[in-house]
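# Inside the fold
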Amino acid sequence: GGIITQTPKFLIGQEGQKLTLKCQQNFNHDTMYWYRQDSGKGLRLIYYSITENDLQKGDLSEGYDASREKKSSFSLTVTSAQKNEMAVFLCASSDWGGYAEQFFGPGTRLTVL
Amino acid sequence: DAKTTQPDSMESTEGETVHLPCSHATISGNEYIYWYRQVPLQGPEYVTHGLQQNTTNSMAFLAIASDRKSSTLILPHVSLRDAAVYHCILDSGGSNAKLTFGKGTKLSVKS
């Protein structure tokens, strides 16, 4: 088995601040994803990466940057935090080739003051 | 437009068999049906997926209608740990599955 670790678990920032969320996986999966979940709503895809140094935009990429430094890690940066971005950010990974189950981390809970 | 339709909530009692319905009338021929579940303060957990044939695993049985326009996730002998929001999702995969989750069905389980 494997595990996905997200740091930090809780992140408090100021409006306009640049904030970075980190994700690590030891499944040796090729693909990693960042999703955002607003309270009481479903998940929306921000960025995904099919291999090291690859980046693909999701439906909600505006206002975010991402970086796949190595196969096991995927970072997400909120370029300028806004009050309406209080949400849970979820990282996931899966094997290459689609039709594959995605394994999710516990999430980072962002609060913008 | 939502690609799947699920009831907002369902209630059950421990030990019962629960049938969670999902309607996907506009499903494409290459789209798989995925089910995930999520409990508060945790990320979603994969339950099962299927294309055309019914599937079964240790967690659930997935019944897919012959015209593929609907499916039912069947949870046998539910326990309190099965209380969660269950999401029915369609995806054609391709390069990689990019899942879009709706609100799902909130399943409550009483002791």
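Residues numbered from 1 in each chain as written. Chains lettered and ligands numbered in written order. Predicted model: local features only at pLDDT ≥ 70, side-chain atom pairs only at ≥ 80, totals over all residues. Heavy atoms only, no water.

This next bit is on the overall build of chain A. Helix and strand content of chain A: zero helices and 11 strands. Counting from the amino terminus, chain A carries its helices and strands in the arrangement β-β-β-β-β-β-β-β-β-β-β. By the compact-globule yardstick of 13 Å for 113 residues, chain A fits well, its C-alpha radius of gyration being 13 Å. The principal-axis extent of the C-alpha atoms belonging to chain A is close to 40 × 25 × 20 Å. Counting across all 113 residues of chain A, residues that qualify as buried make up 50%. Sequence-distant contacts in chain A: of pairs separated by 6 or more residues, those separated by 24 or more amount to 54%. For chain A, the exposed area adds up to about 5400 Å²; of that, 48% sits on carbon and sulfur atoms. Averaging the coordinates of the 12 positive side-chain charges in chain A and doing the same for the 12 negative ones gives two points 6 Å apart. (Helix = DSSP H or I, 4+ residues; strand = E, 2+ residues; numbered from the N terminus. Rg over C-alpha atoms; globule rule 2.2 N^0.38 Å. Buried < 20%, exposed > 50% of the residue type's maximum accessible area, 1.4 Å probe, protein only. Contact = heavy atoms within 4.5 Å. Areas by Shrake-Rupley, 256 points an atom, 1.4 Å probe, with all protein chains shown as cover. Lys, Arg positive; Asp, Glu negative; His and termini not counted. Charge placed at Lys NZ, Arg CZ, Asp CG, Glu CD.)

Turning our eyes to something else, we now look at the state of the cysteines. A covalent bond between the sulfur atoms of two cysteines is what we call a disulfide. Residue and element names in this part refer to chain B. Within the structure shown, the criterion is met by two disulfides over all chains. Between Cys 22 and Cys 88 runs a disulfide, and the two sulfur atoms are separated by 2.1 Å. Between Cys 22 and Cys 88, the S-S torsion sits near -85 degrees, and that sign places the bridge as left-handed. Of the two residues, Cys 22 is situated in strand 2 (residues 18-23) and Cys 88 in strand 8 (residues 84-91); the sequence distance between them amounts to 66 residues. (Disulfide = S-S within 2.5 Å.)

Attention shifts here to the side chain of B:Gln6. Residues and elements named next belong to chain B. Along the chain, Gln 6 falls in the segment before strand 1 (9-13). There is a polar contact of 2.9 Å between the side chain of Gln 6 and the backbone oxygen of Tyr 86. In terms of polar contacts, Gln 6 uses its side chain to reach the side chain of Thr 105, at 3.5 Å. (Polar contact = N/O pair within 3.5 Å; in protein donor to acceptor, adjacent residues only side chain to side chain.)

Below, the discussion takes up the sheet that holds strand 8 (residues 73-78) of chain A. All names here are of chain A. Across the sheet, four strands lie side by side as 1-3-8-7; this open sheet has antiparallel pairing. Two strands in the sheet have a free side with no partner beyond their single neighbour: strand 1 (4-7) and strand 7 (64-70). Neighbour to neighbour, the strand axes of the sheet diverge by 15 degrees on average, direction disregarded. Across six bridges, the pairing between strand 3 (residues 19-25) and strand 8 is antiparallel. Residue pairing across strands places Lys 22 opposite Ser 75, the latter belonging to strand 8. (Pairing = 2+ DSSP bridges. Axes fitted to C-alpha atoms, helices over the stretch in contact; angles between N-to-C directions.)

So, on to unusual backbone geometry. At the junction of A:Thr7 and A:Pro8, the peptide bond is cis and its omega measures out at -10 degrees in the coordinates. With respect to the helices and strands, the residue A:Pro8 is situated in the loop between strand 1 and strand 2 (10-13). Its identity is not glycine, yet B:Leu41 carries a phi of approximately 70 degrees, on the positive side. Mapped onto the secondary structure, B:Leu41 falls in the loop between strand 3 (32-38) and strand 4 (45-50). With a relative accessible area of 66%, B:Leu41 lands in the exposed category. Phi is positive for B:Arg68, close to 65 degrees, though the residue is something other than glycine. Of the residues examined, B:Arg68 reaches a relative accessible area of 8% and is grouped as buried.

Residues and elements named next belong to chain A. Relative to the helices and strands, Asp 54 is located in the loop between strand 5 (43-49) and strand 6 (56-57). We note that Asp 54 is buried and unpaired, the nearest opposite charge coming from Arg 68 at a distance of 6.4 Å. Within polar-contact distance, the side chain of Asp 54 engages the side chain of Gln 56 at 3.0 Å. For Asp 54, the contacting residues outside a window of four places in its chain are Tyr 48, Ser 49 and Arg 68. (Salt bridge = Lys/Arg side-chain N within 4 Å of Asp/Glu carboxyl O.)

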